[in-house]
Amino acid sequence: MEKPFYITTPIYYVNDKPHIGHAYTSLACDMIARFKQLDGFDVKFLTGTDEHGQKIEKAAAAKGVDPKDFVDEVSISFRELCSVLNLTNTDFIRTTEQRHKIAVQHFWKQLLESGNIYLGEYAGWYAVRDEAFYQEDEIVDGKAPTGAEVEWIKESSYFFKLSAWQQPLLDYYAKHPEAIQPESRRNEVLRFIEGGLKDLSISRRTLKWGVPVPGDPDHVMYVWLDALTNYLSALGYPNAGYEPYWNQSIHVVGKDILRFHSVYWPAFLMAANLPLPKTVFAHGWWMVEGEKMSKSIGNVIDPFEVVATYGSDAFRYFMLRDLSFGQDGDFSKASFLGRLNTDLANAYGNLCQRVLSFIYKNAEATIPAPGEFSEDDKAILAMPEDLLPTLRKQIDNFQLHRYCETVWQIVGEANRYVDAQKPWSLKKEDPARMATVLYTLTEVIRQVAILTQPILPLTSLKILAMLGVEDKNFASLKQALKPGIIIPEPQPLFAKY
Ligand code: ME8
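Residues numbered from 1 in each chain as written. Predicted model: local features only at pLDDT ≥ 70, side-chain atom pairs only at ≥ 80, totals over all residues. Heavy atoms only, no water.

**Looking at the packing of aromatic side chains**
- As enumerated under the stated definition, the model contains 35 aromatic pairs in all.
- Aromatic pair Phe160 and Phe268: ring centres 4.9 Å apart, planes at 80°, arrangement edge-to-face. A residue pair is termed long-range when its members are at least 10 positions apart, and Phe160 in strand β6 (residues 151-160) and Phe268 in helix α10 (residues 258-271) qualify at 108 residues.
- Taking the relative accessible area as the measure of exposure, Phe268 reaches 0% and is therefore buried.
- Pairing Tyr172 with Tyr173 gives two aromatic rings, centres 5.9 Å apart and planes at 75°, and the pair type is edge-to-face.
- Three or more aromatic residues joined by ring pairs form one cluster here, namely Tyr24, Phe281, Trp286, Tyr310, Phe318, Phe325, Phe331, Phe336, Phe398 and Tyr497.
- Above the ring of Tyr126, the side-chain terminus of Arg204 is found at 4.8 Å from the ring centroid. (Phe/Tyr/Trp six-rings, centres within 6.5 Å; stacked < 30°, edge-to-face > 60°. Helix = DSSP H or I, 4+ residues; strand = E, 2+ residues; numbered from the N terminus. Buried < 20%, exposed > 50% of the residue type's maximum accessible area, 1.4 Å probe, protein only. Lys NZ or Arg CZ within 6 Å of the ring centre and 35° of its normal.)

**Re the site of the ligand**
- Residues in close proximity to the ligand total 23 residues, the closest being Ile11, Thr25, Asp50, Asp256 and Trp286.
- One of the side-chain N or O atoms of Thr25 is found 2.6 Å from an oxygen atom in the ligand.
- Trp285 has a polar side-chain atom sitting 3.4 Å from a nitrogen atom of the ligand.
- Starting from 680 Å² of accessible surface for the ligand in isolation, the protein chains cover 94%.
- The set of elements that each furnish at least two residues to the shell around the ligand consists of β1 (3-13), α1 (20-38), α7 (223-228) and α8 (230-233). (Near = heavy atom within 4 Å. Polar contact = N/O pair within 3.5 Å; in protein donor to acceptor, adjacent residues only side chain to side chain. Areas by Shrake-Rupley, 256 points an atom, 1.4 Å probe, with all protein chains shown as cover.)

**Concerning the sheet that holds strand β7 (residues 180-181)**
- Strand order in the open sheet formed by 6 strands is β3-β2-β1-β12-β13-β7, with parallel pairing between adjacent strands. Of all strands in the sheet, those bounded by a partner on one side alone are β3 (91-94) and β7.
- In this structure, β7 lies alongside strand β13 (residues 279-283), joined through 2 bridges in parallel fashion. The partner of Gln181 across the bridge, within β13, is Phe281. (Pairing = 2+ DSSP bridges.)

Distances and angles like these do not, on their own, reveal function.
The structure is reproduced here in C-alpha cells:
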C-alpha cells in the first residue's frame, strides 16, 4: 500500500483574478506533490476558491451582479490557472459547493455539541479586505495593522471559546515543533498565543452571502471558519475515508494568513476532537521590481501573460528557484531573464543539446553501448541516485530552492565532464571510449530529467521521450538506459533572451 500524503494551497478569494502570488503557492505545492508522487506516495493535492463573505459580496455588488454568478465566473479563472501552470491537483474545491456546505455545517455542530459555541454580542472593528476582526489596541491611525480599512460592527453573534484553547495550543506546539514552519514564523505565533486569546466571533447577522448557521439561519458563518474547513470537506469529511490523508496533511500558506491557520484552525480542530495538520508552512512575500504588488500601483503581474510569453516550465523554474522558500522575494525582469538564460538555456539546455546533437550527428543518432566505465564515469553516473536522500530531505524540509540547486549541481558536473572528456577528440582517437562517454552522459541526462520533473514537467518529459524512457518514477533511477535507441533530431529545449 502506498503511503498517503495530503498537501493543500490556501483557497483563493474570488474577488479578483489570480496573480503571481497565487501562482507561487500553487507551484510550491505542485512541486512537493509531484515529488511525493514520483517517490511512491499516494498523493492528494487540493486547491480551490474561497467564495463567501463580505469581501466577495461587495466585489459582486460593485460589478452589479449576483454573487453566485460572480463567483462562478472568477472561480473559472483560478481553475484555468491550474491547467496553465500544469498543476497536478487531484481536486479543486469551491466553498459554494454542496459537499462543502454539508461538511462545514457538520463541523459547526461538533463545536456546538462540545460546548465551544455560545451566543453573544460582538462590538468591535472589522476589516473586510482581511475578513478579520481587530482589537482596539491593534488599530493604527484608524486602520488595521495590515493597512486595511476597518469598520465598526455591533451585532448579535455566535462566539467560539478560543480563550479556552490558549494553553492546549501552547502545549501542543511545545510537543510538535514541526507543526509550524519555518521556525521564525513559529516563534511569532507562539508570542501571539502567549499574549492571550479572546473568544472569536464566528457568525454574522448583517451578511447573507455565506453558509447558514445550523438551527439559526438568521446568521451566516464567519467566512474564515467556513473557508478553513475546506481542507476537511474536500476529503469527504465527515464520511469515513478522510482520516488517512488528514493524518498526513500539510498546509502551505503565505505569511499573511498564518494566524488563521495556526491559531484559529487548530483550536477549532481540537474543539471538534480532530487531529491537527502535521505542518503549516508559511512562505514569504513576492514584491515586483522592489515594490509591493498592488492594483493601485498597477504593477500586478498576470501569470497567464508570463506563461503565454515564456512557457510554464520557465515560469515554474524561476518562481521555485529564485526565492528561498520561506523568505520574501522580488520578481524583476532582469533576474527572471537572467535565470532563464543562465540556468535553463546555458546550463541544462546546453547539456542536453550538445550531447544529443553530437550523438545525432556523430553516432548515427543512436545511443551507443558503453564499454568499461572509468572512475570518472562511475562517479558522475552515481551522482543523481546518491543525491536522492538529500533531495528527499530538502522536500521534507521545504527547501525547494535547494532542491533546484542540488539538481543543477549535477548539470554543472555533467557539463564539466563533457569539457574534460572531449568526445569530439575521441571520435578519431578512441571511438570505443567516445561511445562510453556518450552513453554515460545520456544516462546522466536521463536521471537528471527524472529529477527535474517536479520543477520542469514538460521539458523533462520531452527529454525522457527523446531517450525512449518509459519508467519515470524515482525507483527507476536505478534502471540503466538501454543502448541502441534512435533519437530524433534534437531541438533547443529553452529559448535564450
Ligand atoms: O487569504 N506573495 O485568499 P487570497 C506570495 N481566501 N504569496 C502571495 C502573494 C504575494 N505577493 N499574494 C498572494 C485568502 N499570495 C483566503 C485564504 S484558506 C482557508 C483562505 C498567496 O486570495 C499566499 O499564499 O487573499 C497568500 O496566503 C494567499 O495567496 C492569499 O490568497
